[in-house]
Amino acid sequence: MAIAKEVIETESILLGIEDQDITHGLATLQAMPEHPLPLAYVVVVICQQGEAEFEVNFQSYHLKKHDFLVLAEDSIALLKQRSQDFLCSYYLLKRSSAADVAYLLPNHLFAYLNKHPYFAATPDSKAFVSVWEQHIKQVFARPSGYRRQMLINAFQNLFLFLSEQADSHKQQLRNDYSRQEMICWKFWEMLAVQCRQHREVAFYADALHITPYYLSQLTKRFFNDSPKTLIDRQVVLEIKKELRQSQHSIQQIADALNFVDPSYLSKYFSRHTGMGPTEYRAIRM
């Protein structure tokens, strides 16, 4: 396999490009440092040729052709060694795009990926990922417009594919949780159901029978964010979902998501996205 000219050899390769929230490329990782790799919010690394030894969260994984890793911003990942012909494709999602991708995914997938970042090639995964990579390259090559939403849909398809594997390990994962992990993931599950009506950290802490401070400690440890940030992010995603429904007025959306009035919703949305609801709707419709 010939190495394309676009192969990048910088230490910051897995951080992505500053002004793009979804990026991709090819890399040999020849210049990777010996200390933990700096990572974007979500990183997918797919081996195209050769072999490499990675250590992720103190577990060793031997990456061969068609194997892949799914890493998070807080993963402790080191490249221990690589063959001379190693080549991988990489896909990077920053926080905003990762949130849009995660919106429709089952909650237990995130716990699964946290404990199982490595996927060995199988006939099924090789066929799926091969077609997925061909498709996503075509989407990246398209002009702007609907490209970002097409990319979001494509990554959702990839992670839904991985969810099928996570489904078979759901009960095992629950048995493996520590008490702190159980609390944290229960908060995450509550958030998906309750965020349309409740935006206060105290509500979730009370329901979990812990203090807001302790909840904050847990989410910062396991999700690398405060509970308020996670709540706001989920609420913004709910607003975006409603805005894509052209028949819903801003007043109706404010009522559905328990905002005092449309003006308050607009200020809240603008503070978190940098644009008003009407502007967002005009761009996305």
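What counts as what
- Residues numbered from 1 in each chain as written.
- Predicted model: local features only at pLDDT ≥ 70, side-chain atom pairs only at ≥ 80, totals over all residues.
- Heavy atoms only, no water.
- Phe/Tyr/Trp six-rings, centres within 6.5 Å; stacked < 30°, edge-to-face > 60°.
- Buried < 20%, exposed > 50% of the residue type's maximum accessible area, 1.4 Å probe, protein only.
- Lys NZ or Arg CZ within 6 Å of the ring centre and 35° of its normal.
- Pairing = 2+ DSSP bridges.
- Helix = DSSP H or I, 4+ residues; strand = E, 2+ residues; numbered from the N terminus.
- Axes fitted to C-alpha atoms, helices over the stretch in contact; angles between N-to-C directions.
- 1 Å grid on protein atoms, 1.4 Å probe; cavity = no way out; pocket = protein on both sides within 12 Å on 5 of 7 lines; lining within 4 Å.
- Points joined across faces, edges and corners; volume = space filled by probe spheres on them.
- Nonpolar A, V, L, I, M, F, W, Y, C, P; charged D, E, K, R; others polar.
- Parallel < 35°, antiparallel > 145°, perpendicular 65-115°, else oblique.
- Contact = heavy atoms within 4.5 Å.
- Left-handed = near helix turned anticlockwise from the far one by under 90°.
- Disulfide = S-S within 2.5 Å.

Colleague: Break down the packing of aromatic side chains for me, citing the residues and quoting the values.
Modeller: Inspection of every chain in the model, using the stated rule, returns 13 aromatic pairs. Geometrically, the ring pair formed by Tyr 112 and Phe 119 is tilted, given 6.2 Å between the ring centres and 50° between the ring planes. We note that Tyr 112, like Phe 119, is buried. Positioned above the aromatic ring of Phe 259 is the side chain of Arg 199, whose terminal nitrogen or guanidinium carbon lies 3.8 Å from the ring centre. The ring centre of Tyr 268 lies 5.9 Å from the NZ or CZ of Arg 199, which sits over that ring.

Colleague: I'd like to hear about the sheet that holds strand β4 (residues 59-63), residue by residue, with values.
Modeller: Strand order in this open sheet of 3 strands is β4-β3-β6, and the pairing throughout is antiparallel. Looking at strand neighbours, the two that pair on one side only are β4 and β6 (77-82), the edges of this open sheet. For this sheet, the mean angle separating the axes of adjacent strands, direction not counted, is 25°. In this structure, strand β3 (residues 52-56) lies alongside β6, joined through 5 bridges in antiparallel fashion. By the bridge assignment, Glu 53 is partnered in β6 with Gln 81.

Colleague: Explain the layout of surface pockets residue by residue, including any values.
Modeller: Its volume calculated, the largest pocket comes out at about 970 Å³. As for the largest pocket, its lining consists of 35 residues, and the residues nearest its centre are Tyr 41, Ala 72, Phe 110, Trp 185 and Phe 223. Of all the secondary-structure elements, those providing two or more residues to the lining of the largest pocket are β5 (68-72), α1 (95-102), α2 (108-115), α6 (179-194), α8 (212-222) and α9 (227-243). Grouping the constituent residues of the lining of the largest pocket by class yields 23 nonpolar, 6 polar and 6 charged.

Colleague: Describe the packing of α2 against helix α4 (residues 147-167), listing the residues and the values that go with them.
Modeller: Between α2 and α4, the least distance of the axes is 9 Å, while the angle of their chain directions is 80°. On the basis of the axis angle, α2 is roughly perpendicular to α4. In this structure, α2 contributes His 108, Leu 109, Tyr 112 and Leu 113 to the contact, and α4 contributes Phe 159, Leu 162, Ser 163, Gln 165, Ala 166 and Asp 167. The class makeup of the residues in the contact of α2 with α4 is 6 nonpolar, 3 polar and 1 charged.

Colleague: Which residues make up the packing of α1 against α4, and what values do they have?
Modeller: The geometry of α1 relative to α4 is characterised by a closest axis approach of 9 Å and an angle of 60° between their N-to-C directions. Between α1 and α4, the interaxial angle falls into the category oblique. Crossing geometry of α1 relative to α4 is assigned as right-handed. The residues of α4 that touch α1, namely those facing Ser 96, Ser 97, Asp 100 and Val 101, are Arg 148, Ile 152, Phe 155, Gln 156 and Phe 159. Grouping the amino acids of the contact of α1 with α4 by side-chain chemistry returns 4 nonpolar, 3 polar and 2 charged.

Colleague: How would you explain the state of the cysteines if you had to name every residue and give the values?
Modeller: This model, assessed by the stated rule, comprises 0 disulfides. Considering cysteine sulfurs only, Cys 88 is the nearest to Cys 47, which forms no disulfide, with 7.4 Å between them.

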